[in-house]
Amino acid sequence: MTVEKKLGKSTQAIHAGERDASATEKSGVPLLPPIYQNSTFRFTTAAECAETFRDEESGYIYTRWGNPTQEVLEKKLAVLEAGEAALATASGMGAVSTALLTALSDGGHVVAMENLYSATFQILNEDLRRFGIETTFVDATEPSQIARAIRPDTKVLYLESPTNPLLKLTDLRTSAEIAKAHGATSIIDNTFATPCGQQPIAFGIDVVVHSMTKYLSGTGAVIAGAIVGQKEFITQAKTGALRNFGAVISPFNAWLTLHGITTLPLRFAQHCKNAVQVAEFLETHRAVAWVRYPGLPSHPQHQLAQRQMEAFGGMITLELKGGRTAGEHLVDHLERCALAVSLGDVRTLICHPASTTHAHVPAEIRQQIGITDGLVRISVGLEDIEDILADLEQALETCAS
Ligand code: LCS
């Protein structure tokens, strides 16, 4: 693994975790790691079985506890995120919930960014509250707000950067230092940035979670998630919350995802290239009130983006001058770009967060944090840029008139 860390991102994405993943009885090792599409593993003797239960690292027992296909993916993820170890999960929310269940205990307190993917917001605001775990939501774009919200019982600092859907950023180094100084575990959802756009562990963040449903798998074929962090945390998550609550990835989805990841660096670079052109085009269009994209100088935290991101991603948020009606016009008139939730797909996807991805966040909280009714979110895909721009332009003309 140390050797793999010195390699370039594309080499890591293609080769990490794959070597000798698949010894066969005859010569000739499959070039692609095969799928171990099985739930359980057979032992030869009672002693061998007992020994594997005693030392789980020595063998496989049952796919909810571990499976060779999952492990290839996990080794690849650890290398890409520069973490000690990784865990693949059944969904992004499986990763978020497993990470929180691992880091929290009875009566603990969480400090969280106020703008988060809605299901994560709901876990913190509703589900964990039922178990006596309280969350203070802050505008984490201001690290001083994080510091002020920390209490003696704070166990977790939970961040997204860039956030869904507002693309707000948090200073990773400063916030990781604040968490560390108070003995809290810092967790960040790195779905929007991917390991190609941002390496949170290098800034001192303890745990990275992903929805691999998005850029990592890349083609919209699977629901999957990941947790990356120190070996001790990952082992605790694997042998505790993941195994017992059961958000385990299927071998087939792990296999699809590990093949998706091999093209991540290439795809992500092109997503970024297309997105900056779309953002610049939108910024000059007369129907558009404002555009948020971390790579634009107009982003309020553009300098921070330049400091801590290696690339700015494929997500853009905008507000149309005509508000919600104009937004509905826009999506109704698109011919190539798809009206769909999710993101990070090879296809360009557009959605209206207030009525879809963030509909479950109470309206007054949406207003307070800036998820207005006129907000439109674009996940810029990999179609030819001329075709994306032409589709947006013809649809925007119907809003401008
Ligand atoms: N984290 C972020 C930042 C997300 O955007 C999502 C899903 C999740 C976690 C959960 O991942 P999942 O369990 O779906 O794999 N975001 C979605 C979105 O914006 N539209 O549809 C799903």
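Residues numbered from 1 in each chain as written. Predicted model: local features only at pLDDT ≥ 70, side-chain atom pairs only at ≥ 80, totals over all residues. Heavy atoms only, no water.

### Description of the overall build of the protein chain
For the protein chain, the helix and strand inventory stands at 16 helices and 12 strands. Here the C-alpha atoms of the protein chain give a radius of gyration of 22 Å, agreeing with the 21 Å that 2.2 N^0.38 yields for 401 residues. Taking the principal axes of the C-alpha coordinates as reference, the protein chain spans close to 75 × 55 × 35 Å. Of all 401 residues assigned to the protein chain, the portion counted as buried reaches 55%. Carbon and sulfur atoms make up 53% of the accessible area of the protein chain, which totals about 17000 Å². The averaged location of the 44 negative side-chain charges in the protein chain is 3 Å from the averaged location of its 33 positive side-chain charges. (Helix = DSSP H or I, 4+ residues; strand = E, 2+ residues; numbered from the N terminus. Rg over C-alpha atoms; globule rule 2.2 N^0.38 Å. Buried < 20%, exposed > 50% of the residue type's maximum accessible area, 1.4 Å probe, protein only. Areas by Shrake-Rupley, 256 points an atom, 1.4 Å probe, with all protein chains shown as cover. Lys, Arg positive; Asp, Glu negative; His and termini not counted. Charge placed at Lys NZ, Arg CZ, Asp CG, Glu CD.)

### Considerations on the nonpolar core
In this structure, Leu 100, Tyr 158, Met 212, Leu 282 and Ile 316 are the most contacted members of the largest nonpolar core, which totals 102 residues. Core analysis: the second largest hydrophobic core is formed by five residues, Leu 169, Ala 193, Leu 304 and Ala 305 among them. (Core = buried A, V, L, I, M, F, W, Y, C linked by side-chain atoms within 4.5 Å.)

### Section: the site of the ligand
The local shell around the ligand holds 17 residues, among which Asp 189, Ser 211, Thr 213, Lys 214 and Arg 377 are the closest. A distance of 2.9 Å is found between a nitrogen atom of the ligand and a side-chain nitrogen or oxygen belonging to Lys 214. At a separation of 2.9 Å, a nitrogen atom of the ligand approaches a polar backbone atom of Ser 342. Protein coverage of the free-state accessible area of the ligand, which is 480 Å², stands at 91%. Of the residues in the shell around the ligand, the class split is five nonpolar, eight polar and four charged. (Near = heavy atom within 4 Å. Polar contact = N/O pair within 3.5 Å; in protein donor to acceptor, adjacent residues only side chain to side chain. Nonpolar A, V, L, I, M, F, W, Y, C, P; charged D, E, K, R; others polar.)

### Let's talk about the sheet that holds strand S7 (residues 225-229)
Spatial ordering of the open sheet is given by S1-S7-S6-S5-S4-S2-S3, a layout of seven strands whose pairing is mixed. Bordering the open sheet on either side are strand S1 (85-89) and strand S3 (134-138), each of which pairs with just one other strand. Here the average twist between neighbouring strands, direction ignored, is 20 degrees. In terms of strand pairing, S1 meets S7 through five bridges, oriented antiparallel. When the sheet's bridge partners are listed, Ala 88 is paired in S7 with Ala 226. This element, helix H4 (residues 68-80), spans S1 and S7 of the sheet and lies at about 130 degrees to S1. (Pairing = 2+ DSSP bridges. Axes fitted to C-alpha atoms, helices over the stretch in contact; angles between N-to-C directions. Contact = heavy atoms within 4.5 Å.)

### Quick word on the state of the cysteines
Taken as a whole, this structure holds zero disulfides when the rule is applied. A disulfide-free cysteine, Cys 196 has its sulfur positioned 8.5 Å from the sulfur of Cys 272, the nearest such atom. Given the relative accessible area of 12%, Cys 196 is considered buried. (Disulfide = S-S within 2.5 Å.)

### Quick notes on the confidence of the model for the protein chain
Summing up the model confidence of the protein chain, the mean pLDDT is 95 and the portion of residues at 70 or higher is 97%. When the elements of the protein chain are averaged for pLDDT, helix H1 (residues 2-5) gives the smallest value, 49, and strand S6 (residues 207-211) the largest, 99. (pLDDT = per-residue confidence, 0-100.)

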